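# Observations on the model geometry
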Amino acid sequence: MTTWNLQGTACHLLVCGGSSCKKRKSGEIAQAIKKEIEKQGGEALIHTTFTSCAGRCGDAPVVISYPEGIWYGDMSPKRVKMLVRKSLLGKRFKKNMLYTFGKNGMRASAKEGMKGKKKGKN
């Protein structure tokens, strides 16, 4: 079992590995994130995890950024490259944001996110 030292990690990107996200190539998205992190020399700053279902199937494929608590939907390899670059600069990637978390809890980033989408409904 491999263990990483996460001290100094600025961002943890969680890539949904549920069935709807896998159908929409979340595996390729996870690989694109890892390649971009390596390309930018950001291995000590960004950590990635391929998760089980995040429960936002209608927004697939989903990437969650912590500690910011930002949920991104309808991601692609090209979009996650920009997400990595922005994260390394300490900036937010504003495209494809579904939800953000702040002092008042969860907030939808767009009107369509407020009502949510049903799991498994694409």
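Just so it is clear, the structure is predicted and the values come from calculations on it, not from any experiment.

## Considering the packing of helix α2 (residues 26-40) against helix α3 (residues 77-88)
- Contact geometry for α2 and α3: axes closest at 9 Å, N-to-C directions at 40°. Comparing the axis directions of α2 and α3 gives the class oblique. Regarding α2 and α3, the two cross each other, and that crossing is right-handed. Side by side, α2 and α3 meet where Glu28, Ile29, Ala32, Ile33, Glu36, Ile37, Lys39 and Gln40 of the first sit next to Pro77, Val80, Lys81, Val84, Arg85 and Leu88 of the second.
- Partitioned by chemical class, the residues of the contact of α2 with α3 number eight nonpolar, one polar and five charged.

## A few points about the sheet that holds strand β5 (residues 97-102)
- Across the sheet, six strands lie side by side as β2-β1-β3-β4-β5-β6; this open sheet has mixed pairing. Edge positions in the sheet fall to β2 (46-51) and β6 (105-108), since each has one partner strand and no second. Within this sheet the neighbouring strands show an average axis-to-axis angle of 20°, counted without direction.
- Of the pairings in the sheet, the one linking strand β1 (residues 11-16) to β2 comprises six bridges and is parallel in character. Its bridge partner lying in β2, Val15 is registered against Phe50.

## Points about the packing of aromatic side chains
- Applying the stated criterion across every chain yields a total of one aromatic pair.
- Summarising the aromatic geometry, the rings of Tyr72 and Phe93 are spaced 5.8 Å apart at their centres and angled 50° between planes, so their arrangement reads as tilted. Of the two residues, Tyr72 is situated in strand β4 (residues 70-72) and Phe93 in the loop between α3 and β5; the sequence distance between them amounts to 21 residues.
- The class of Tyr72 is buried, set by a relative accessible area of 2%.

Rules used throughout
- Residues numbered from 1 in each chain as written.
- Predicted model: local features only at pLDDT ≥ 70, side-chain atom pairs only at ≥ 80, totals over all residues.
- Heavy atoms only, no water.
- Axes fitted to C-alpha atoms, helices over the stretch in contact; angles between N-to-C directions.
- Helix = DSSP H or I, 4+ residues; strand = E, 2+ residues; numbered from the N terminus.
- Parallel < 35°, antiparallel > 145°, perpendicular 65-115°, else oblique.
- Left-handed = near helix turned anticlockwise from the far one by under 90°.
- Contact = heavy atoms within 4.5 Å.
- Nonpolar A, V, L, I, M, F, W, Y, C, P; charged D, E, K, R; others polar.
- Pairing = 2+ DSSP bridges.
- Phe/Tyr/Trp six-rings, centres within 6.5 Å; stacked < 30°, edge-to-face > 60°.
- Buried < 20%, exposed > 50% of the residue type's maximum accessible area, 1.4 Å probe, protein only.

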